[in-house]
Amino acid sequence: MTATRSHGLGIEFTYHDPEVLARGNAGVASNGNASAVYYNPAMLGTGSGSELLMTGYALDYKVDHTGAGGHSDLKDGPAVAASAFAATPLWDGAALGFGFYSPFGQKNEWPDNSPLRGYATDTELLFLAGTAAVGFDITPCLRFGVSASVVSSSADINRGVFVPGDSYSIEGDGHGWGLGAGFTWEPAEGHRIGATGRYWSPVKYKGHSTTVLSFPAPSVAVAPAESELDFPLEATIGYAYTPNANWLFEVDVTWIGWSSFERFEVSSPGGTLVEPMQWDDSLTFMLGVTRKWDSGWWLGAGYWYAEQTTPDQTFNPRLPDIDLHVVSIGTGYRTECWAAEFTYQYGYGEPRQISGSAPTLAGASADGKLNYHAHGFSAGLRWFF
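Residues numbered from 1 in each chain as written. Predicted model: local features only at pLDDT ≥ 70, side-chain atom pairs only at ≥ 80, totals over all residues. Heavy atoms only, no water.

**Student:** Would you mind going over the side chain of R23 with me for this structure?
**Tutor:** With respect to the helices, strands and loops of the structure, R23 is situated in the loop between α1 (18-22) and α2 (36-39). As a buried residue without a salt bridge, R23 has its nearest oppositely charged side chain in E19, at a separation of 4.2 Å. Separated by 2.8 Å, the side chains of R23 and T290 make a polar contact. Apart from residues no more than four positions distant in its own chain, R23 is found in contact with S30, L248, E250, L287, G288, V289, T290, A301, G302 and S328. (Helix = DSSP H or I, 4+ residues; strand = E, 2+ residues; numbered from the N terminus. Buried < 20%, exposed > 50% of the residue type's maximum accessible area, 1.4 Å probe, protein only. Lys, Arg positive; Asp, Glu negative; His and termini not counted. Salt bridge = Lys/Arg side-chain N within 4 Å of Asp/Glu carboxyl O. Polar contact = N/O pair within 3.5 Å; in protein donor to acceptor, adjacent residues only side chain to side chain. Contact = heavy atoms within 4.5 Å.)

The structure is reproduced here in structure tokens:
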């Protein structure tokens, strides 16, 4: 079911603000922009006035796999995504925010003639969240924030069966909700600790499955189908240091409970298909720096590392998962009324040697070497009111 990014983050999509992204995506303790709706709602109201943020992200990636069955290249991107956030003060010390974004997602395609076709061909998971959040002061040094989300999701998962031309596909739609909370604490001037956590309800997908066979005789079978995914708990803690108004340093650590993905089950009148997943919980480490000038320009740089989440025994190329290293650099210009910013990323996946994977119905194996590298581009426009 793991079906807009093929990273070592499971299927999490975290790129929602170019300024934070330039800083290695470390923002839980410092980001007072409208995107605090996502990063940490406790930071809402620490920016200046009302703000509207529109962002876009494009990923150009290269993934290849070499095994006993031959060499396969994942069809190249780019993959694209967009987010929108808004925030406005409610009263002194409190602010309200809204956001529309994709906290999870994936889209990729292995060729139909690939040796891996028995695992995956086209895969797409769309997960959209509409979120409302509020942040407020508890004391001059302590802030708290909460958020609530409604979720709409769709999935389209395809794989081959025996020979090129046949296929098994599942399509479905589902809905859910999410809750989040966070805090920030300033024990001393220039030092801030922030933390946030998110819970997502299970999403039950309802749709249909389609089986197309060309051997031993052409046939097509369509049946109603249901499935459910338990999206993971997330928790982030970070420390930000601001020695003055021009410099910001931050380091964050995120834990994601991917072990909630134990299995993928599809229920239909003909029975239940069960695919073991047994994902592992993972950590992501983020750190970076932002330098600002009185002229309105800023420059940021950062690094982050994400652990792989899928074990060899249940590896499936629909999620070409690896240990991922990402470096980023970005810049932007801000006036009293608007701001524009741009960030570039380079992602390098440590080559992964897979062994002991479960075979497909046709006897193919995912054992082999997986390589990954990518170029990411993020741009944003802000308006201040």
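**Student:** Sorry, what's going on with the packing of aromatic side chains here?
**Tutor:** Aromatic ring pairs are described here by two measures, namely the spacing of the ring centres and the angle between the planes. Within this structure, the stated rule accounts for 24 aromatic pairs. With 4.6 Å between their ring centres and 55° between their planes, F127 and F231 make a pair best called tilted. Of this pair, F127 sits in strand β5 (residues 122-139) while F231 sits in the loop between β10 (219-229) and β11 (234-244), and the two are 104 residues apart along the sequence. This pair shows no difference in class: F127 is buried, exactly as F231 is. Ring plane angle 70° and centroid distance 5.9 Å describe the contact between F231 and F261, whose orientation is recorded as edge-to-face. Taken together, the residues F231 in the loop between β10 and β11 and F261 in the loop between β12 (247-256) and β13 (263-268) connect sequence positions 30 residues apart. Residue classification places F261 among the buried positions, given a relative accessible area of 1%. Across from the ring centre of Y38, 4.4 Å away, lies the NZ or CZ of R198, which sits over that ring. Just above the ring of F384 sits the side chain of R334; from NZ or CZ to the centre is 4.0 Å. (Phe/Tyr/Trp six-rings, centres within 6.5 Å; stacked < 30°, edge-to-face > 60°. Lys NZ or Arg CZ within 6 Å of the ring centre and 35° of its normal.)

**Student:** Looking at this model, I keep getting lost on the pairing of strand β17 (residues 324-334). Mind explaining?
**Tutor:** The two faces of a sheet get side chains in turn, since along a regular strand they alternate between them. Sheet topology places strand β16 (residues 297-306) next to β17; 10 bridges connect them, and they run antiparallel. Directly across from W304, in β17, lies its bridge partner V326. Pairing analysis gives 11 bridges linking β17 to strand β18 (residues 338-354), with the strands arranged antiparallel. The partner of Y333 across the bridge, within β18, is A340. (Pairing = 2+ DSSP bridges.)

**Student:** Would you explain the pattern of salt bridges in this entry?
**Tutor:** Proximity of charged atoms lets side chains of opposite charge pair with each other. This structure, assessed with the given rule, holds 17 salt bridges. With its nearest N and O atoms 3.3 Å apart, the salt bridge here joins R198 to E234. On the criterion of sequence distance, the pair formed by R198 in strand β8 (residues 191-200) and E234 in strand β11 is long-range, its members being 36 residues apart. For the pair R198 and E234, a shared accessibility class is recorded, and that class is buried. Between R318 and E275 there is a salt bridge, with the nearest N and O atoms lying 2.9 Å from each other. Note that R318 is positioned in the loop between β16 and β17 and E275 in strand β14 (residues 271-276), a separation of 43 residues in sequence. On the basis of relative accessible area, E275 is assigned to the buried category, the value being 18%.

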